[in-house]
Amino acid sequence: MEIDDDSLAQAWTRRLERQTAARLGRPIDEVREQVAREVGGATTAGMIRNVSEGRTKGVRSWLFRRLRARVIADLQHELKALTHELEVAHLAGLDVDLRAVAEVEADLERVREALARLVPAPLAARAPAGAVRSPEAVSRG
């Protein structure tokens, strides 16, 4: 099953809204301005709301690229945080809950797989392992 660009943009926007709302402890309706600022460019809270609610007849390519770059940056940040958690767990030695380590490793693998689907192969090959690129750098390719 193939997903169209509008559906991807909607899913990405909803993800960004949920994460921002959770991070700020505020309802989604109140964080759209923040999401728009984080996506950048000429993005407005109204655009974020329209994409999130599926009220578009085609997401503009510049907005699609910015949403994609923001999601990639968030996934890279999550990957870095999970990698750090795993390193701390390994350093802790025998006191480590092996189930927790396995969960972190599984989460890492899911993030890597998601990034592999989002980042074109030539771009992924150029970035060193564990590198975190800014959304602007990712959108420029």
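Basis of the calculations
Every chain is numbered independently, its residues counted from 1 as its sequence is written. The model is predicted, so local features are restricted to residues of pLDDT at least 70 and side-chain atom pairs to those at 80 or more, both for listing and for counting; the totals for chains, interfaces and linings are taken over all residues. The basis for every side-chain value is the complete set of non-hydrogen atoms in the structure, without hydrogens or water. Per the convention used, a helix needs a DSSP run of H or I reaching at least four residues, while a strand needs a run of E reaching at least two, with both numbered from the N terminus. Throughout this description, buried means an accessible area under 20% of the type-specific maximum (1.4 Å probe, protein chains only), exposed means over 50%, and partly exposed covers the range between. Residue burial considers only the protein chains on display, and all accessible areas are found by Shrake-Rupley using a 1.4 Å probe. A helix is expected to span 1.5 Å for every residue after the first. Whether two residues touch is decided by their heavy atoms; if any such pair falls within 4.5 Å, the residues are in contact. Here a salt bridge means any side-chain nitrogen of Lys or Arg lying within 4 Å of a carboxyl oxygen belonging to Asp or Glu.

Draft legend 1. Representation of the overall build of the chain within the structure. When its secondary structure is counted, the chain shows seven helices and zero strands. The 141 residues of the chain split such that 35% are buried. Counting every atom, the chain has about 9000 Å² of accessible surface; 53% of that belongs to carbon and sulfur.

Draft legend 2. Geometry of helix H1 (residues 5-24). The terminal C-alpha atoms of H1 lie 28 Å apart, and with 20 residues this matches the ideal 28 Å at 1.5 Å per residue to within 8%. Within H1, the full set of buried residues consists of Ala9, Gln10, Trp12, Thr13, Arg15, Leu16, Glu17, Thr20 and Ala21. In the core, the buried residues of H1 are packed alongside helix H2 (28-39), helix H3 (45-52), helix H4 (61-92) and helix H5 (98-118). Immediately downstream of H1, the backbone of Gly25 shows phi near 65°, a positive value.

Draft legend 3. Seen up close, the pattern of salt bridges. According to the stated counting rule, one finds ten salt bridges in the structure shown. The salt bridge partner of Arg23 is Glu38, with a shortest N-O separation of 2.4 Å. One end of the pair, Arg23, is in helix H1; the other, Glu38, is in helix H2, with 15 residues separating them in the sequence. Salt bridges linked by common partners bring Glu17, Asp29, Arg32, Glu53 and Arg55 together as one network.

Draft legend 4. How the structure looks around the environment of Ala11. Examined against the element boundaries, Ala11 turns out to sit in helix H1. Its relative accessible area of 42% is what places Ala11 among the partly exposed residues.

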